Amino acid sequence: MLKPILLIEDNPKDLELTLLALDKSNLANEVVTMRDGAEALDYLFRQGAYRDRTPGNPAVVLLDLKLPKVDGIQVLERIKADESLQAVPVVMLTTSREEKDLVHSYQLGVNAYVVKPVAFKEFIQAIQDLGIFWAVLNEPPPGSIKPEKRS
Amino acid sequence: MLTQSGPGQAADVDLANCEREPIRIPGSIQPHGVLLVLDPASHVVLQASDNASRLLMDGRVDPLGKPLAQLLSESIVRTLVPRFDKVPSNAHPLFLHTVNVGDRDFDVVGHRSEAGLILELETVTPDSTNSSSDLHLEFDIFSQQAEAVTSVPELCQQMAKTVRRITGFDRVLVYQFDDQWNGMVVGEDGNGRLPTYLHHRFPASDIPAQARELYRLNRIRIIPDAGYQPVPVLPPKTPGRDRVLDLTYSTLRSVSPIHVEYMRNMETMSSMSISILRAGKLWGLISCHHHEPRMAAVAQRTTCDLIARAFALRLSAVEQAGRYERRIAVRSTYSKLLAAMADQGDYIAVLAENSADVLAAAAAEGVAVLTEESCTMFGKTPAENEVRELADWLFRTVKQDVFSTDSLSLVKPDSAQLAGIASGLIAVSVSKLHPSYVMWFRPEVVQTIQWGGDPHKPVTTEDGQVRLHPRKSFETWKETVREKSLPWEDSEIEIATDLRNAIVGIVLRRAEELAELNDELTRSNKELEAFSYSVSHDLRAPLRHIVGYAEMLRESLGERLDAKGDRCIGIIIESCEYAGKLVDKLLSYSRLGRSELQWSQIDLPMLVEEVRKDVMRDASGRTITWKIGKLPCVTGDLMMLRMAVRDLLANAVKYTRRRDEAVIEMDCRDDGDAWIFFVKDNGVGFDMKYTDKLFGVFQRLHRWEDYEGTGIGLANVRRVIERHGGRTWAEGQEGVGATFFFSLPKPPKSEKEG
């Protein structure tokens, strides 16, 4: 059984477009979607509404930077601070080019960072590159991961 | 030329001598009366002048140890004793009564000292009396006249006349002390028997410090006959006390032999002086002289003293009245300047714009307003470097908020060459940190001063010993005073002080405003950052959605989409992508202005080659001749400069698109402090009248369909170059080509190289 891809995105349009992009990459992995940071943490730590979910970490977390309740940076922080979760690759998806977000995310140990391009084709390409990379290689070697950043 | 040390030196000598002069305890009195020291309780005589027995008792009895009643009659004592209660201690004696003893009339005055009750009985001579009603009348007339006069010299003149009328002395002088205690005759009345001294000066050594102090304590002194023989007071020391009798407040006190010598040299045998005190300080003297011996009775002297006191009261009023009008004028100028400064904030500009008023406020000939950065001068002032040197001296040596002098070279000898412009100086400091001053200058005024005799020669030496001798000659001695301006009036110094306070207030307010502005700037910068952030997020998202859904639409319609529909969707997508680019460019432009430069050495030839290859990728298939000259290494921010070079080369490639033989040239020349680079092409060029627009944000000079672009490239170039301290400009001709220039300042050479 392939590990699922966890997609955390609050904007329904971005969610639909990202799902479409993932769909186009013909991945066999299930895509689990969460709509805010708090829900994502519940899922990741198997608490609250997700207390009873099947154990196991996602193959990759696609995390939007700006989220309601608990924002992306905080989710990233929690993941990288947790022993069992820190090996899970996290890709930050965002509209922002602001360098302080970027710097902050890298400081927290984000594995990749994708600025969502306006051009949809480029976005599909970026998602496909990521999806394929993370989902196929189930156990990426930590620290050596430098997926090509597209913008 | 007079040096200021002349009279001063003499003053030192006279002080030293004066201290040896026992002027308060001469041990003797003048012979025109009798002095008795009584036990305060029993009225037994403790001490008496040697003439007491002769004048009071025809030499029959030794008065010492006798009760007063034995010297004077019982009835006289009965008249006097009730008044003893009113006799003051250590103060000017009180007139008690005129009594008749034997065949003589005596005016009796009394005061108390540590020694006891001191009675002085002055013989009354018939020619020295006026009726008391006459004296009242004189006082009354003087008071009325004093009310009417408007100038100090007039008031002095009036007083001299009145005192002469009362006393009948040959000459009455009103003598005023200056700051250095030199005296100047400011009023005079005389009958011509004695020389006139009006406007003459007398050196401070003429009236030594100790004598001045005695004048202050005891306001009336009379010497009816300079040829007198002193009468000793016996015994010299009061019984039971170990000190010679103190005659500070005595009216009969024998005066210094030096003074008597002085009088003889002046050919005056009698003199009287009344002190003029103002706020407890010796302002001057009424100095009366007579060729022959002459007496003024107690009542006359008292009236003169009253007149002197009325004079002192009136003096302030008259002086103030004289200054009042000027003060009003100055005040109105001040208000005007203050209002302008409050309004405008820039005090230097206000002072410069109102230079005539600023000069007039202190009746100065020149003004300099000096700060760290600027030196604004108007009227007659020293040169800027001299003003700066003066400011440094004030800042380091004087250290006063307000400094004024009418003889700058006296306090700063190396400024003598400025005397013609700046003998007088008021300088107000407007900063505690820097030598910032407002200075008013007055030129030297060469003055001739008449001295009553040569002030340099009051000292003679005998047997190698310096001894004080009064001057023998009172012939007018003229001297020329140089390097001195007209003195500053109090009101002028006051206005300068007020202006200083106003300026300091304004400077402070400006500093506060600047701090506030800085806060505001920081705030608005943060706001801008937040704005950029939200633009990048919130504006890009919908654009992205439009593009994404348009793509989905195109896909889902598939075959059903006709060419027209496909074109529409294509334009929607293209437009949104373009809008996204604009947003990105705008953000990066704003970041260019905000982010810090990362300085490094840049191999420009290598950078240009990289960029050239890069831009050529978008121009494949074109023939472009590149002429890259020898470029230097420069210091700057690599990312930014790469961007600027890229924008310039890409532009050149873009606008030569229609040339079959495109030629793009990049070279530089050394302009001393800076390198000047240029990128020249033979493209479409531009009309020079639009050259101003070229470097603006989103400014485009070509039609969209001819040349694509966001119109931000050259704005980026300008911003990058400006942040490096350089300039950008362009030359062009429509249809011929364009040349874009930019300069980059060279880094300052290290000392080793220099």
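These numbers were taken from a predicted model, which means no experiment stands behind them.

Student: I'm lost on the overall build of chain A in this one. Help?
Tutor: From N to C terminus, chain A includes five helices and five strands. What you see in chain A, going N to C, is helices and strands ordered as β-α-β-α-β-α-β-α-β-α. Here chain A, with 151 residues, has 40% of them falling under the buried criterion. For chain A, the share of sequence-separated contacts (at least 6 apart) that also reach a separation of at least 24 residues comes to 68%.

Student: What is the right way to read the sheet that holds strand β3 (residues 60-64) of chain A from this model?
Tutor: Working definition: the strands of a sheet are paired by backbone hydrogen bonds and lie parallel or antiparallel to each other. Residue and element names in this part refer to chain A. If you trace the five strands from one edge of the open sheet to the other, you get β2-β1-β3-β4-β5, paired in parallel fashion. At either margin of the open sheet sits one strand with a lone partner, and together these are β2 (31-34) and β5 (112-115). For this sheet, the mean inter-axis angle between neighbouring strands, taken without regard to orientation, is 20°. As defined by bridge partners, strand β1 (residues 5-8) adjoins β3 across four bridges and the pair is classed as parallel. By the bridge assignment for β3, Leu7 is matched with Leu62. Sitting on the sheet, helix α3 (residues 72-81) touches β1, β3 and β4 (90-94), and the angle it makes with β3 is about 155°.

Student: Sorry, what's going on with the environment of A:Tyr43 here?
Tutor: Residue and element names in this part refer to chain A. Here Tyr43 shows up in helix α2 (residues 37-44). Spatially, the C-alpha atom of Tyr43 lies 10.0 Å from that of Pro55, the residues being 12 residues apart in sequence. Leaving out residues up to four positions away in the same chain, Tyr43 has contacts with Leu6, Val32, Met34, Tyr50 and Arg53.

Student: Could you clarify how one ought to interpret helix α18 (residues 638-655) of chain B in this entry?
Tutor: Residues spaced three or four apart along an α-helix point in a common direction, a consequence of the helix completing one turn every 3.6 residues. Taking 1.5 Å per residue as the helical rise, α18(B) with its 18 residues ought to reach 26 Å, and the 26 Å between its terminal C-alpha atoms agrees with that figure. Those residues of α18(B) not exposed but buried are B:Met640, B:Leu641, B:Ala644, B:Val645, B:Arg646, B:Asp647, B:Leu648, B:Leu649, B:Asn651, B:Ala652, B:Val653 and B:Tyr655.

Student: I tried to follow the packing of helix α17 (residues 604-617) of chain B against α18(B) on my own but got confused; where do I start?
Tutor: The relative placement of two packed helices is expressed as an angle between their axes plus a distance between the axes. Residues and elements named next belong to chain B. Taken N-terminus to C-terminus, the directions of α17 and α18 make an angle of 45°; their axes are 9 Å apart at the nearest point. The angle between α17 and α18 falls in the class oblique. The handedness of the crossing between α17 and α18 is right-handed. Residue-level inspection shows Leu607, Val608, Val611, Arg612, Asp614 and Val615 of α17 in contact with α18, the latter providing Leu641, Arg642, Val645, Arg646, Leu649, Ala650 and Val653. Split by residue class, the contact of α17 with α18 holds nine nonpolar, no polar and four charged.

Student: Could you clarify how one ought to interpret the environment of B:Ile426 in this entry?
Tutor: All names here are of chain B. Among the structural elements, Ile426 can be located in strand β17 (residues 424-429). When the 26 C-beta atoms within 10 Å are taken as the criterion, Ile426 is described as buried. If near-sequence neighbours (up to four positions away) are discounted, Ile426 is found in contact with Ala362, Ser404, Met439, Trp440, Trp488, Glu492, Ile493 and Ala496.

Student: Even after reading the chapter, I still don't get the nonpolar core, so can you show me in this structure?
Tutor: Side chains of a nonpolar character, in soluble globular proteins, are inclined to be buried together. Residues B:Leu35, B:Leu36, B:Leu38, B:Met159, B:Val163, B:Ile286 and B:Phe311 are the most contacted members of the largest nonpolar core, which totals 78 residues. In terms of residue count, the dominant contributor to this core is helix α9 (residues 298-344) of chain B (eight residues). Residues in contact with B:Ile286, not counting those within four places in the same chain, are B:Met159, B:Val163, B:Val172, B:Val174, B:Ser273, B:Ile274, B:Ile276, B:Cys304 and B:Ala308. The next biggest cluster of nonpolar side chains, apart from the first, holds 44 residues, and it includes A:Ile8, A:Ile73, B:Ile573 and B:Cys576.

Rules and cut-offs
Residues numbered from 1 in each chain as written. Chains lettered and ligands numbered in written order. Predicted model: local features only at pLDDT ≥ 70, side-chain atom pairs only at ≥ 80, totals over all residues. Helix = DSSP H or I, 4+ residues; strand = E, 2+ residues; numbered from the N terminus. Buried ≥ 20, exposed ≤ 12 C-beta atoms within 10 Å, placed from the backbone. Contact = placed C-beta atoms within 7 Å. Pairing = 2+ DSSP bridges. Axes fitted to C-alpha atoms, helices over the stretch in contact; angles between N-to-C directions. Expected span 1.5 Å × (residues − 1). Parallel < 35°, antiparallel > 145°, perpendicular 65-115°, else oblique. Left-handed = near helix turned anticlockwise from the far one by under 90°. Nonpolar A, V, L, I, M, F, W, Y, C, P; charged D, E, K, R; others polar. Core = buried A, V, L, I, M, F, W, Y, C linked by C-beta atoms within 7 Å.

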